[in-house]
Each structure stands twice: as structure tokens, then as C-alpha cells.
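Coordinate analysis (summary)
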Amino acid sequence: MNGKIATTTAVLCLLLMTCGAEAMLCRTPSTIFKGICRQNRNCANICVSEGRSGGYCKGLPMRKRCMCTFDCSSGGGDVVTKAVVAVAVEEVVAAAVERRWH
């Protein structure tokens with residue numbers, strides 16, 4: 001089972017790295033999320049409901065905000081580095097896999 005998790009995470013990271021060459025990923029604060037952001041999964045779900053591609057928690061531990069990600073090839077938003085997004089993707093994938101196997 002650990003091999004499947006590692007393989008899934010590696011494949012998603014590779015896809016993220018290759019897709020990043022075609023489109024720029026930007027971030028903007030969530031308009032719906034309120035309070036301190038504690039789990040990337042919750043933030044990502046809310047951002048998707050806002051029509052964004054995903055989201056993650058950003059900031060100091062007691063002041064984290066939910067930041068939504070989206071394709072900004074046409075402009076707008078702060079450009080996100082691939083490394084930051086890769087970490088957020090790994091956490092979301094790990095949480096999803098954990099939910100599925102438990």
C-alpha cells in the first residue's frame with residue numbers, strides 16, 4: 001500500500017511540474033473561507049467551490065489564510081512557485097489516500 005501512495009504522489013508531482021511549463025499558476029485569497037486555515041484539504045475544497053483550480057493554507061501558524069490557485073496565463077494574481085504548490089498537492093493527496101484506505 002505504501003508503494004501505491006508513493007507512486008501516486010510521484011506521478012501527480014511530475015504532472016504538476018510538466019503542466020507548469022504550459023500555464024502559470026497564480027494565487028488569490030479565498031472570498032468565502034473565514035477564520036484560520038488549518039487544513040489544505042478544506043481550503044482546496046472551498047476554492048474549488050469558488051471556481052478556482054485548488055487552494056492551500058499560507059502564512060504564520062496562527063494567521064494562516066486560505067489561498068486559492070488558478071491559471072493566470074492571461075494575467076492577474078500573484079504567481080505561485082511550483083515548489084509551494086507541489087507541497088500543497090502532496091498534502092492533499094496524502095489526506096485523500098489516507099481517507100480512502102481507512
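First, a word on scope: everything that follows refers to the structure included in this document. Just so you know, these numbers come straight off a predicted model, no measurement behind them.

1. Let's talk about the overall build of the protein chain
The helix and strand inventory of the protein chain stands at three helices and four strands. When the helices and strands of the protein chain are listed from N to C terminus, the series reads α-β-α-β-β-β-α. Across the 102 residues of the protein chain, 27% fall into the buried class. Restricting the contact set of the protein chain to residue pairs at least 6 apart, pairs at least 24 apart contribute 61%. Carbon together with sulfur atoms contributes 59% to the accessible area of the protein chain, which is approximately 6700 Å² in total.

2. Re the state of the cysteines
Enumeration according to the criterion identifies four disulfides in this entry. Through a disulfide, Cys37 is tied to Cys57; the S-S separation comes to 2.0 Å. Taking the torsion about the S-S bond as the criterion, the Cys37 to Cys57 disulfide, at about -65°, is left-handed. Of the two residues, Cys37 is situated in the loop between strand E1 (25-29) and helix H2 (40-49) and Cys57 in strand E2 (residues 54-58); the sequence distance between them amounts to 20 residues. The two residues Cys37 and Cys57 agree in class, both being buried. Each disulfide pairs two cysteine sulfurs, and for Cys43 the partner residue is Cys66, the sulfurs being separated by 2.0 Å. Disulfide Cys43-Cys66: torsion about the S-S bond near 90°, hence right-handed. Taken as a pair, Cys43 in helix H2 and Cys66 in strand E3 (residues 65-71) lie far apart in primary sequence, 23 residues in all. With respect to burial, Cys43 and Cys66 carry one shared label: buried. Across the protein chain, the disulfide pattern expressed with sequentially numbered bonded cysteines is 1-8, 2-5, 3-6, 4-7.

3. Digging into the pairing of E3
Across the seven residues of E3, five count as buried, placing the element largely inside the fold. In this sheet, E3 lies alongside E1 in antiparallel orientation, the contact comprising five bridges. Paired with Pro29 across the bridge in E3 is Met67. As defined by bridge partners, E2 adjoins E3 across five bridges and the pair is classed as antiparallel. From the neighbouring strand, Gly55 faces E3, where its bridge partner is Cys68. Where E2 hands over to E3, the hairpin turn is made up of six residues, of which Gly59 adopts a positive phi near 125°.

4. Description of the side chain of Asn40
Following the sequence through the fold, Asn40 ends up in helix H2. On the basis of relative accessible area, Asn40 is assigned to the buried category, the value being 11%. For Asn40, the side chain forms a polar contact with the main-chain nitrogen of Cys57, separated by 2.7 Å.

5. What to know about the packing of aromatic side chains
Following the criterion strictly, the structure yields zero aromatic pairs and no others. The ring of Phe70 is capped by Arg52, whose NZ or CZ atom sits 4.6 Å from the centre of that ring.

Rules used in this analysis
- Note that residues are indexed from 1 along each chain, following the sequence as it is written.
- pLDDT decides what is reported in this predicted model: residues at 70 or higher carry local features, side-chain atom pairs at 80 or more are listed and counted, and totals for whole chains, interfaces and linings draw on all residues regardless.
- Excluded from the side-chain calculation are hydrogens and water; included are all heavy atoms of the structure.
- To qualify as a helix, a DSSP run of H or I must reach at least 4 residues; to qualify as a strand, a run of E must reach at least 2; elements of each kind are numbered from the N terminus.
- Throughout, exposure labels follow a simple rule: accessible area from a 1.4 Å probe, protein chains only, divided by the maximum for the residue type, with under 20% read as buried, over 50% as exposed, and the rest as partly exposed.
- Here, two residues are considered to be in contact whenever any of their heavy atoms come within 4.5 Å of each other.
- For every accessible area listed, the method is Shrake-Rupley and the probe measures 1.4 Å; residues are considered covered only by the protein chains on display.
- The disulfide criterion is simple: two cysteine sulfur atoms within 2.5 Å.
- We call two strands paired when DSSP finds no fewer than two bridges between them.
- Whenever a nitrogen or oxygen atom comes within 3.5 Å of another N or O atom, the pair is scored as a polar contact, on the condition that within protein one atom can donate a hydrogen and the other can accept it, and that pairs from neighbouring residues in sequence are kept only if both atoms are in side chains.
- Any pair of Phe, Tyr and Trp rings, taking the six-membered ring for Trp, is counted once the centres come within 6.5 Å. Such a pair is stacked with planes under 30 degrees apart, edge-to-face with planes over 60 apart, and tilted for the rest.
- In this scheme, Lys NZ or Arg CZ marks a charge over a ring once it lies within 6 Å of the ring centre and within 35 degrees of the ring normal.

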